Amino acid sequence: MNMNLIVTPRGADLIETLSSRLEGIEKDYSETLVVFPGKRPAHFLRRELARKSGSSVIPPRILSIDEFIDFLCEKGRPVRKLEILDAVALLYEIHRHSENQMGGDSFETLDRFFPLGIRIYHDLEELRIEDVPADKLKHIEAFLEEGVPKLTGKRLRSLTWFYEIFYRRVESIGLMTRSDRYRYALDTFSQTALNPWRQIVFAGFFALTDSEKKLFHALLKLDNTLFIFQQGAGLSEKLKDLGMSNPPDQESVPETELFFYSAPDSHGEVLTLGNELDNRIKNGFAVPESTVILLPSSESLFPLLRQGLSHLPEDSFNISLGYPLFRTPVFGFLNSLFELIVSMEGGKIYIPDYLKFVLHPYTKNVFFHRNSEITRVFFHTVEDRLLKNRSQLFISLSDIENDTVVFSESLKKMTGIEFQLTEKQLRDHIRWIHRSTIEKFFSIENMSDFANKGIELLLFVFQQSPAKLHPLFLPFSDSLIDAFEAISKSMMRNFSFSERTSYFVFLRRYIASCHTPFPGTPLKGVQVLGALETRNLKFKSVFVLDANEEVFPETKKDESLIPFRAREILSLPTYIDRDKLTAYYFDVLLGGASDVHLFFVENQKKEKSRFVEKLLWEKQKKEKTTHQNKLVKAVQYRVDLENKEPGPIPKNKEVIQYLRSYAYSATALDRYLKCPLRFYYASVLGLRPKEEMSVELERNELGSFIHLLLADYFQGKIGRKLDEKDLNRGEMERLIKDRFSSQYGNDISGARYLLNRQVKKHLIDFLENYTLPLIKRKSVTILACEENLNVEFSSYRLTGRIDRIERRNEKTVIIDYKTGSQSDHLKIDLTRFDLNRREDWSYAIGSLQLPFYILLYSEKENRTIENLEAMYLLLGRSKIGSEIELPLFNEIPAAEVFRLLKTVILGLLHEITDSSLPFFPTTDNKKNCPGCDYQALCGTQWIGR
């Protein structure tokens, strides 16, 4: 036997060693075949050969191990590969015809079965490639009955049944799985197939399946084969399996300089890495070609691009790793459409999901004659229109397409557009968008139809919007189109679901297993690689992000139906073997580097990787220290969360003119009292927070609804004394039912159903436990409901709407309903009030609403304060009785209280219109800034958090 074996010393460059051992004729290596574990080293080998020759060369044939197996199969028996979707389709058919289905009814439909089908297929392939016969698997079932839970035992028995049937079915339809191709290559292996090659080199292997071991044993007998391994942790054990011995290192390797960085979070890691690269450039050192950033987790890719590499030229780094397709914005766009389709009821779309979809950048920027503004203006106008009636949750597309108001409002906003647009043109444009996107998925014939419609949608976005200008849209959309094409060509193509939702569920689960590849070239500049992409490559400077346990190595239990103990008995790889594989390639990578920088997060949830712990311990022993902190650089970065005091805003002539004609309400004065800046933003600039559609009723909407109910109920009872017959439970219940039906439709469910019951209970309690005892104690006459009052007071315009005005015995009472239960923010504490200390006003006065209403009423009706009273009724309290009253006047005489508060109101009005006084910020940030809608404008958004 001619055993051509090379084990490169630790730290040696595999590509350099390999290039020096290749047998070529001058610059022609075409008679040489090179096989690597993966595909990436081929780029580096071709570059190294060209560098050594100083010109172009004819490179060797370079294959990955899977490509080599395909090469052997094609020589003997060209057979189409079984794709994973085809495999799951076959497994599902087998599952459907099983008497004892795995999981019972839990996996009855294809969309539910799909994740399980992938796991079954991976397990079957692993069993077959490791040459585990079905009889041995059956034997394990009986062996493990006592040692595993019942459910696991049933899974194992079902897996044996799949194992016996699946490969016979695959063979019957003339296809081959990956494991079939390995077995066929091994069974039909002969030297004849490899005779054309002068030299065959296998380089950089470590972990081998049973099929690969047998193939290597056969290849070792050939005279023209060469095996090159890299010295690293655990290699001796692997060589022993091949009947080889591992020679000791004969070269001394320069010591690798290690740097450790502990960060509080991933942003700290990326920021520090970027600073390290930036410092090298600033100090006059070009970032070397031989620099790699290793990303064990793809989650760090975009933070790295935006922060860590943002100061490098775009052509100075290269990315080669798979990024999860479900994380891409293109799939996010598809998902928003699917959510819209799924949430439809009775042919109508759910408005929040519709707005989410049409306001997506891909949708709202669809071209009209190469102009995106028209579509954008229209859909934002639709948003404003639909938000005005927030109680409506569902609408048909035809209702939107035939809403003349929204089209006329949109056209008014398009006056600056370069060409004249008619209403018909705009309506046709919107209908075209609806039919090209949403309506396309109203009817789905089968999986092939679904996939083709998905491709058409992506092509529509590509051709009819500026989405393609985003640098990553094309690779992301291409990967999704590939996924759809795989579905349309698979054995699933004619399968149909009874529920439209199932198509979307299936796609989400399939996409969860897909990745979008980055190009992987050019090879110059910093290389950003995944853990396995670094195999067989040497770099001088190594930067490792996310060097945390459970990330690097990715220590997690096998997502397999075969229990750990059974895997050990069957000699199947476990997560321990995966960890050894990662440890080996990481050790090889470190051995060839001059400097290695390890970044990890340390907080309550994350700890450093075992690899880091081991390296730290070795360094501690060398430097004879027990203190890790001396060896680890703690990453500290300062995020400025300081709340800068917002500055005052002066009043110009136009503002003063506006303020002197402004109609002041109690709400506006309360706003000014708490914070003059808030008054400026809301009442002068007219800024309002953007409203959103929601299933939940907002507090303001709930308050308005209850006010409407009570006004309607008491409207017919105005002008006469209330008696028990006026407090009719049935009348209130009918009114609530009618108002809910007109406001929210007949189909009230979920949160609105509960709210309906809660409102009904509280208002019945209000009649029976508050109003009834009240009219028994006092003579009560309703004078007005929802009364609008407008008066001129000391040259100021005042306005307000009073919920209820009634006469109780001899006094007129002004009532304001509050749907909350708390009263602290409404009270006026006169014990803390000093009229001469302006800075105390906002601390002592919770709200000026009641004194403002009394002022309005007394001025309008020319009434004296002695016969007036005002109170809040706190309808949100759990117990409804006389305790819901919060009166304005208690022991202190009404005239004295009103005089003080009237002075405050007038003083505030003078302040607001005083041109020499700017709008100052609040004097109590902690009380008034949290929850304010204008925190972002002032820069106080962190207060109270």
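We now turn to the structure provided with this report.

**Focus on the overall build of the protein**
Inference 1: Helix and strand counts for the protein come out as 36 helices and 22 strands.
Inference 2: The C-alpha atoms of the protein give a radius of gyration of 38 Å, which is well past the 30 Å a tight globule of 945 residues would have.
Inference 3: Taking the principal axes of its C-alpha atoms as reference, the protein extends roughly 120 × 70 × 70 Å.
Inference 4: By the burial criterion, 52% of the 945 residues in the protein qualify as buried.
Inference 5: Counting only contacts in the protein whose residues sit at least 6 apart along the sequence, the fraction spanning at least 24 positions is 76%.
Inference 6: Looking at the protein as shown, the accessible area adds up to about 45900 Å², and 48% of this sits on carbon and sulfur atoms.
Inference 7: Taking the average place of the 128 positive charges on the side chains of the protein and the average place of its 130 negative ones, the gap between the two points comes to 2 Å.

**Remarks on the packing of aromatic side chains**
Inference 1: Scanning the entire structure with this criterion turns up 61 aromatic pairs.
Inference 2: Centroid distance Y350 to F394: 5.3 Å. Interplanar angle 45 degrees. Geometry classified as tilted. You can see Y350 sitting in strand 10 (residues 349–350) and its partner F394 sitting in strand 11 (residues 394–395), a full 44 residues away along the chain.
Inference 3: Look at F394 and you get partly exposed, because its relative accessible area is 24%.
Inference 4: Through a chain of ring-to-ring contacts, the aromatic side chains of Y92, F113, F338, F441, F450, F484, F495, F497, Y503 and F504 assemble into a single cluster.
Inference 5: Of note, K468 hangs over the ring of F462, and the distance from its end group to the ring centre comes to 5.3 Å.

**Concerning empty space enclosed by the protein**
Inference 1: A full pass over the atoms with the stated rule returns three cavities of 30 Å³ or more.
Inference 2: As a volume, the largest cavity reaches approximately 110 Å³.
Inference 3: Along its surface, the largest cavity is lined by 15 residues, and C675, C929, C932, C938 and T940 are the ones closest to its centre.
Inference 4: When contributions to the lining of the largest cavity are tallied by element, the ones reaching two or more residues are helix 28 (676–684), helix 35 (925–928) and helix 36 (935–938).
Inference 5: The greatest single-element share of the lining of the largest cavity, amounting to three residues, is contributed by helix 28.
Inference 6: For the lining of the largest cavity, the per-class residue count stands at nine nonpolar, five polar and one charged.
Inference 7: Here the second largest cavity is characterised by a volume of approximately 50 Å³.
Inference 8: Surrounding the second largest cavity, E23, G24, I25, D28, S30, E31 and R198 form its lining.

**Things to note about the nonpolar core**
Inference 1: Grouped together as the largest cluster of nonpolar side chains are 124 residues, with contacts concentrated most on F166, I293 and Y354.
Inference 2: Ranked by the residues each element gives to this core, the list is headed by helix 5 (residues 110–129), at nine residues.
Inference 3: Among the nonpolar cores identified, the runner-up in size contains 61 residues, and Y680, Y853, I854 and I912 belong to it.

**Focus on the packing of helix 8 (residues 178–187) against helix 9 (residues 210–219)**
Inference 1: One can describe the packing of helix 8 onto helix 9 by two numbers: an axis separation of 10 Å at closest approach and a directional angle of 20 degrees. Between helix 8 and helix 9, the interaxial angle falls into the category roughly parallel. Crossing of helix 8 over helix 9 shows left-handed handedness. On helix 9, the residues that touch R178, Y182 and L186 of helix 8 are S211, E212, K214 and L215.
Inference 2: Classifying every residue of the contact of helix 8 with helix 9 by side-chain character gives three nonpolar, one polar and three charged.

**A look at helix 27 (residues 666–674)**
Inference 1: Inspection of helix 27 places A666, A668, L669, D670, Y672 and L673 among the buried residues, and these make up the whole buried set.
Inference 2: Packed against the buried residues of helix 27 are strand 17 (663–664), helix 28, strand 19 (796–808), helix 32 (841–844), helix 33 (849–861) and helix 34 (894–912).

**Re the sheet that holds strand 6 (residues 257–263)**
Inference 1: As summarised here, the arrangement of the seven strands in space is 8-13-7-14-15-6-16, forming an open sheet in which the pairing is parallel. Strands at the two margins of the open sheet, each flanked by one partner only, are strand 8 (317–320) and strand 16 (632–634). Along the sheet, successive strands turn relative to each other by an average axial angle of 20 degrees, direction set aside.
Inference 2: Two elements, strand 7 (residues 291–295) and strand 13 (residues 526–530), share four bridges in a ladder whose sense is parallel.

**Thoughts on the sheet that holds strand 4 (residues 199–203)**
Inference 1: Reading across the sheet, the five strands line up as 1-5-4-2-3 and stay open at both edges, with parallel pairing between neighbours. At either margin of the open sheet sits one strand with a lone partner, and together these are strand 1 (5–8) and strand 3 (61–64). On average, each strand axis in the sheet is tilted by 20 degrees relative to the strand beside it, whichever way the strands run.
Inference 2: Alignment of strand 2 (residues 32–36) against strand 4, held across four bridges, turns out to be parallel. Its bridge partner being in strand 4, T32 is matched across the sheet by Q199.

**Notes on the environment of K388**
Inference 1: Within the fold, K388 resides in helix 16 (residues 373–388).
Inference 2: You can call K388 exposed: its relative accessible area is 63%.
Inference 3: The spacing of K388 and N536 is 148 residues in sequence and 63 Å in space, taken between C-alpha atoms.

**Remarks on the pattern of salt bridges**
Inference 1: In total, this model carries 50 salt bridges according to the counting rule given.
Inference 2: Residues D241 and K213 are paired through a salt bridge, measuring 3.7 Å at the closest nitrogen-oxygen approach. With D241 in helix 10 (residues 235–241) and K213 in helix 9, the pair connects residues that are 28 residues apart, well separated along the chain.
Inference 3: Take K213: its relative accessible area is 25%, and that puts it in the partly exposed class.

**Some words on the side chain of N548**
Inference 1: Along the chain, N548 falls in the loop between strand 14 (541–544) and helix 23 (564–569).
Inference 2: N548 gets classed as buried once you look at its relative accessible area, which sits at 2%.
Inference 3: A polar contact of 2.9 Å, which involves the side chain of N548, links it to the backbone oxygen of E607.
Inference 4: Residue contacts for N548: discarding those within four places in its chain leaves F600, V601, K606, E607, K608 and S609.

**Some thoughts on the pairing of strand 19**
Inference 1: Note: strand 17 against strand 19, two bridges, orientation parallel. Among the inter-strand pairings, A663 is bridged to a residue of strand 19, identified as R797.
Inference 2: Note: strand 18 (residues 780–793) against strand 19, twelve bridges, orientation antiparallel. Note on strand 19: the bridge partner recorded for A784 is I805.
Inference 3: The turn linking strand 18 back onto strand 19 is made up of two residues, and S794 within it adopts a positive phi angle of 55 degrees.
Inference 4: Here strand 19 folds back onto strand 20 (residues 811–818), and the loop between the two strands holds two residues, one of which, N809, carries a positive phi near 55 degrees.

**Digging into unusual backbone geometry**
Inference 1: Looking along the chain, the bond that leaves F552 and enters P553 is cis, with omega of 5 degrees.
Inference 2: Of note, the phi angle at R370 is positive, near 65 degrees, even though the residue is not glycine.
Inference 3: By secondary structure assignment, the location of R370 is in the loop between helix 15 (361–364) and helix 16.

Conventions and cut-offs
Residues numbered from 1 in each chain as written. Predicted model: local features only at pLDDT ≥ 70, side-chain atom pairs only at ≥ 80, totals over all residues. Heavy atoms only, no water. Helix = DSSP H or I, 4+ residues; strand = E, 2+ residues; numbered from the N terminus. Rg over C-alpha atoms; globule rule 2.2 N^0.38 Å. Buried < 20%, exposed > 50% of the residue type's maximum accessible area, 1.4 Å probe, protein only. Contact = heavy atoms within 4.5 Å. Areas by Shrake-Rupley, 256 points an atom, 1.4 Å probe, with all protein chains shown as cover. Lys, Arg positive; Asp, Glu negative; His and termini not counted. Charge placed at Lys NZ, Arg CZ, Asp CG, Glu CD. Phe/Tyr/Trp six-rings, centres within 6.5 Å; stacked < 30°, edge-to-face > 60°. Lys NZ or Arg CZ within 6 Å of the ring centre and 35° of its normal. 1 Å grid on protein atoms, 1.4 Å probe; cavity = no way out; pocket = protein on both sides within 12 Å on 5 of 7 lines; lining within 4 Å. Points joined across faces, edges and corners; volume = space filled by probe spheres on them. Nonpolar A, V, L, I, M, F, W, Y, C, P; charged D, E, K, R; others polar. Core = buried A, V, L, I, M, F, W, Y, C linked by side-chain atoms within 4.5 Å. Axes fitted to C-alpha atoms, helices over the stretch in contact; angles between N-to-C directions. Parallel < 35°, antiparallel > 145°, perpendicular 65-115°, else oblique. Left-handed = near helix turned anticlockwise from the far one by under 90°. Pairing = 2+ DSSP bridges. Salt bridge = Lys/Arg side-chain N within 4 Å of Asp/Glu carboxyl O. Polar contact = N/O pair within 3.5 Å; in protein donor to acceptor, adjacent residues only side chain to side chain.

Functional significance is not addressed by these values, which are geometric in nature.
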